[in-house]
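What the coordinates show
Next come the chains, spelled out residue by residue.
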Amino acid sequence: MAVVDDALYVDGHRVPAPATARSGEPERGTMAWIGLLRPTDDELATMATRYDLHPLAVEDAGKGHQRAKLERYGQTLFVVLRPAWYHDDDESVEFGEVHLFVGPSFVVTVRHAARPDLTAVRARLEADPELLRLGSEAVLAAVMDEIVDSYAPVVTGLQGDIDEIEDDLFDGEVDPASSKRIYQLLSEVIGVQRAIGPLPEMLDALLRGAAKYGTDEEIQNQLRNVLDHAIRVTERADTFRTLLENALTLHSTLVMQEQNDAMRELAAASLAQGEESRSLTQASMDQSEEVKKISSWAAILFAPTLVASVYGMNFERIPELGWAWGYPFALVLMVVLGVCLWAVFKRRRWL
């Protein structure tokens, strides 16, 4: 059923709602409070006909997804409020929506979700007939007070989340997932600002029109109290947004600093590797030069050894064995071959 509660109050006391009260305006001195949950278009049309509600306000109430606002259509106020709840399990904020039609002798509340449950508000008002006797404006003040008070746990939860972010940042921990969490918190804080931001202006408007519409002094005091709480939440939300924007800037700075440090370490490692490569190259070149020198001298020494080995063969017929200049010739040949090889290797810079 869309109509979750339909009560009639006479002099601040709840009485059974007679059939006549459901078909027309309540009698003088009475007030009706009808609570609607996910109403159909026909049910909204019925309320509009019964209490002469403005079609534009009824259309907004039927569609939902409205910003917080206060509009007056003749003697009827149309109020949109955006309550919020904090979920500890996933550290997220959920927003709701409540529409109120407040007339001289009736209040119609429209909800599109099970929360918020206004049963506790109704019970508190019924427990205070003197306050309820003040009429529909007492209901409006009580509902606004309940919804503004619902932001206290939200503010506390967001404060805890922001403290965790700040602790991580000041501890020097740069977690890439932190930026996503900061964006999420910033989005939730902006949602709180949009939900409660219009409330101070709405409450100011109600207080400014109090004298014109004969609002009781007690109701005005309650509205001032709600205004004070709304301003506190608004200021906290503004502070949270500033903190999160600064935290996002700090996180970006830390990420850039960490990247710069990593680049410097990489550059230093690359330089060290380059120095090591150059050292290895130089050592290889030095070793190559030594090999060249050793090979050159080995070749130079090999030439006289070759000549000596030829003439040292034990063959009977070697032409130069009987030659008188054979020995000097062999010595000269050894020297000439050695000098020639030395000159060749010197030219090639092997020596």
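Details of the structure are given in the entry above.
Cut-off values and rules
Residues numbered from 1 in each chain as written. Predicted model: local features only at pLDDT ≥ 70, side-chain atom pairs only at ≥ 80, totals over all residues. Heavy atoms only, no water. Helix = DSSP H or I, 4+ residues; strand = E, 2+ residues; numbered from the N terminus. Rg over C-alpha atoms; globule rule 2.2 N^0.38 Å. Buried < 20%, exposed > 50% of the residue type's maximum accessible area, 1.4 Å probe, protein only. Contact = heavy atoms within 4.5 Å. Areas by Shrake-Rupley, 256 points an atom, 1.4 Å probe, with all protein chains shown as cover. Lys, Arg positive; Asp, Glu negative; His and termini not counted. Charge placed at Lys NZ, Arg CZ, Asp CG, Glu CD. Salt bridge = Lys/Arg side-chain N within 4 Å of Asp/Glu carboxyl O. Expected span 1.5 Å × (residues − 1). Core = buried A, V, L, I, M, F, W, Y, C linked by side-chain atoms within 4.5 Å. Polar contact = N/O pair within 3.5 Å; in protein donor to acceptor, adjacent residues only side chain to side chain.

Description of the overall build of the protein chain
Check the secondary structure of the protein chain and you find 12 helices and 9 strands. Its C-alpha radius of gyration of 48 Å places the protein chain more than 25% over the 20 Å reference for a compact globule of 351 residues. In terms of overall dimensions, the protein chain has C-alpha extents of about 160 × 35 × 30 Å along its principal axes. Looking at the protein chain residue by residue over its 351 residues, the buried ones come to 38%. Residue pairs in contact within the protein chain that sit at least 24 positions apart in sequence constitute 67% of those at least 6 positions apart. Just so you have it, the protein chain exposes about 20,500 Å², and 56% of that area is on carbon and sulfur atoms. Measuring between centres, the 33 positive side-chain charges of the protein chain sit 9 Å from its 55 negative side-chain charges.

Digging into the pattern of salt bridges
When the charged atoms of two side chains with opposite charge come close together, those side chains can pair. If you walk through the whole model with that rule in mind, you get 11 salt bridges. The partner of Asp 60 in a salt bridge is Lys 69, with the nearest N and O atoms 2.9 Å apart. Lys 69 matches Asp 60 in its accessibility class, with the two residues each being buried. Of the charged contacts in the structure, one is a salt bridge between Lys 69 and Glu 71, with a shortest N-O distance of 3.5 Å.

Considering helix H6 (residues 136-149)
If you check H6, its first and last C-alpha atoms are 20 Å apart, about what 14 residues at 1.5 Å a residue would give, namely 20 Å. For H6, the buried fraction is high: 10 of the 14 residues fall into the buried class. The complete set of buried residues in H6 reads Ser 136, Ala 138, Val 139, Leu 140, Ala 141, Ala 142, Val 143, Met 144, Ile 147 and Val 148.

Re the nonpolar core
Counting 60 residues, the largest nonpolar core has Leu 81, Leu 100 and Val 143 as the members making the most contacts within it. Counting residues per element, this core draws most heavily on helix H11 (residues 217-311), at 11 residues. Beyond its immediate chain neighbours, meaning those up to four positions away, Leu 100 contacts Leu 77, Phe 78, Val 79, Leu 81, Val 107, Val 108, Thr 109, Leu 140 and Val 143. Counting 18 residues, the second largest nonpolar core, distinct from the first, contains Leu 8, Leu 36, Leu 44 and Ala 61.

Re the environment of Asp 149
Mapped onto the elements, Asp 149 comes out in helix H6. In this structure, the C-alpha to C-alpha distance between Asp 149 and Ala 84, residues 65 residues apart in sequence, is 9.7 Å.

A short note on the side chain of Ser 92
Following the sequence through the fold, Ser 92 ends up in strand S7 (residues 92-95). Accessibility expressed as a relative area gives 14% for Ser 92, which makes it buried. Of note is the side chain of Ser 92, whose polar atom sits 2.8 Å from the side chain of Asp 90.

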